[in-house]
Amino acid sequence: MATDIKLAEAPASYDGPGFSATSFDKIIGLARANSLWPLPFATSCCGIEFMSTMASTYDLARFGSERPSFSPRQADMLLVAGTIAKKMGPILKQVYLQMAEPRWVIAIGACASSGGIFDTYSVLQGIDRIIPVDVYVPGCPPRPEQILDGVMQVQELARNESLRRRNTEEYQKLLNSYSIQ
């Protein structure tokens, strides 16, 4: 009976009879990368593409994002999909601030990344004006494969991030540039 199931690759370690020794950073990174809880913040057509990414054909659950969270306090990956009006900006920032550290942000589609075709007074020209973004997924709307690729890039960030990076002076400067304490 052949199976196509692939397990997560174990971090580099020193193995012996009955034990395996590796660094704590690598174990935590492996756990974080394979248990991301997404919070969809979908406002328009990109939200429909995200819904298809969660469906059985593309199945985001294969990548450890089995449980979409609709509470920011229980999520660590914010997926902003669609047009964000300037009036909605403070709400998006509040949602971001309610998420626990570590948190990652994916801007899905042209509207979330740069305002898209809506170069008007009422549309925010990219969510990176109010919150830091880790991964940009281009397209109008992007294909589900592109969204999966963005999630895999966040997994790579989570896997390789030092446990102390978010305590560094550089990270604090980044948050201060967005007026986040």
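Residues numbered from 1 in each chain as written. Predicted model: local features only at pLDDT ≥ 70, side-chain atom pairs only at ≥ 80, totals over all residues. Heavy atoms only, no water.

Looking up the chain in an unreviewed UniProt entry gives the name NADH-quinone oxidoreductase subunit B, with the organism given as Spirosoma validum. Within the UniProt record for the chain, the comment given under Sequence similarities (unreviewed entry) is "Belongs to the complex I 20 kDa subunit family." (UniProt positions renumbered as here; feature names shortened; annotations may be inferred.)

**Points about the layout of surface pockets**
Roughly 260 Å³ of internal volume is contained in the largest pocket. Those elements that place two or more of their residues in the lining of the largest pocket are helix H1 (24–33) and helix H5 (144–160). Looking at which element gives the most residues to the lining of the largest pocket, the answer is H1, with 3 residues. Here the residues of the lining of the largest pocket sort into 5 nonpolar, 3 polar and 5 charged. (1 Å grid on protein atoms, 1.4 Å probe; cavity = no way out; pocket = protein on both sides within 12 Å on 5 of 7 lines; lining within 4 Å. Points joined across faces, edges and corners; volume = space filled by probe spheres on them. Helix = DSSP H or I, 4+ residues; strand = E, 2+ residues; numbered from the N terminus. Nonpolar A, V, L, I, M, F, W, Y, C, P; charged D, E, K, R; others polar.)

**Digging into the UniProt feature "domain: NADH:ubiquinone oxidoreductase-like 20kDa subunit" (unreviewed entry) in the chain**
With numbering matched to this structure, UniProt assigns "domain: NADH:ubiquinone oxidoreductase-like 20kDa subunit" (unreviewed entry) to residues 45–153. Structurally, residues 45–153 is divided into 33% helix and 12% strand, and its ends, taken at the C-alpha atoms, are 22 Å apart.

**Let's talk about the packing of H1 against H5**
Between H1 and H5, whose axes approach to 7 Å, the crossing angle comes to 160°. In terms of orientation, H1 lies roughly antiparallel with respect to H5. Crossing of H1 against H5: the hand is right-handed. Contacts from Gly29, Arg32 and Ala33 in H1 reach Gln155, Ala158 and Arg159 in H5. Class assignment of the residues belonging to the contact of H1 with H5 gives a composition of 2 nonpolar, 2 polar and 2 charged. (Axes fitted to C-alpha atoms, helices over the stretch in contact; angles between N-to-C directions. Parallel < 35°, antiparallel > 145°, perpendicular 65-115°, else oblique. Left-handed = near helix turned anticlockwise from the far one by under 90°. Contact = heavy atoms within 4.5 Å.)

**Concerning the pairing of strand S5 (residues 104–108)**
One face of the sheet, then the other: side chains in a regular strand alternate in exactly this way. Among the 5 residues in S5, 5 count as buried, and that is most of the element. Residues Trp104, Ile106 and Ile108 point to one face of S5 and Val105 and Ala107 to the other, with burial holding for every one of them. Relative to S5, strand S4 (residues 77–81) runs parallel, the two being bridged by 5 bridges. Paired with Ala81 across the two strands is Ile108, which belongs to S5. One crossover worth recording links S4 to the parallel S5 by way of helix H3 (residues 89–98), and it is right-handed. Direction of pairing for S5 relative to strand S6 (residues 135–137): parallel, over a ladder of 3 bridges. Paired with Ile108 across the two strands is Val137, which belongs to S6. Read as a crossover between parallel neighbours, the route from S5 over helix H4 (residues 109–114) to S6 is right-handed. (Buried < 20%, exposed > 50% of the residue type's maximum accessible area, 1.4 Å probe, protein only. Pairing = 2+ DSSP bridges. Right-handed = clockwise from strand over helix to strand, strands pointing away.)

**Regarding the packing of helix H2 (residues 45–54) against H5**
The interhelical angle for the contact between H2 and H5, taken along N-to-C directions, is 75°, at an axis separation of 9 Å. One element, H2, and the other, H5, form an angle in the roughly perpendicular class. Here H2 contributes Glu49, Phe50, Ser52 and Thr53 to the contact with H5, which in turn contributes Pro144, Ile147 and Leu148. Looking at the contact of H2 with H5 residue by residue, the classes come out as 4 nonpolar, 2 polar and 1 charged.

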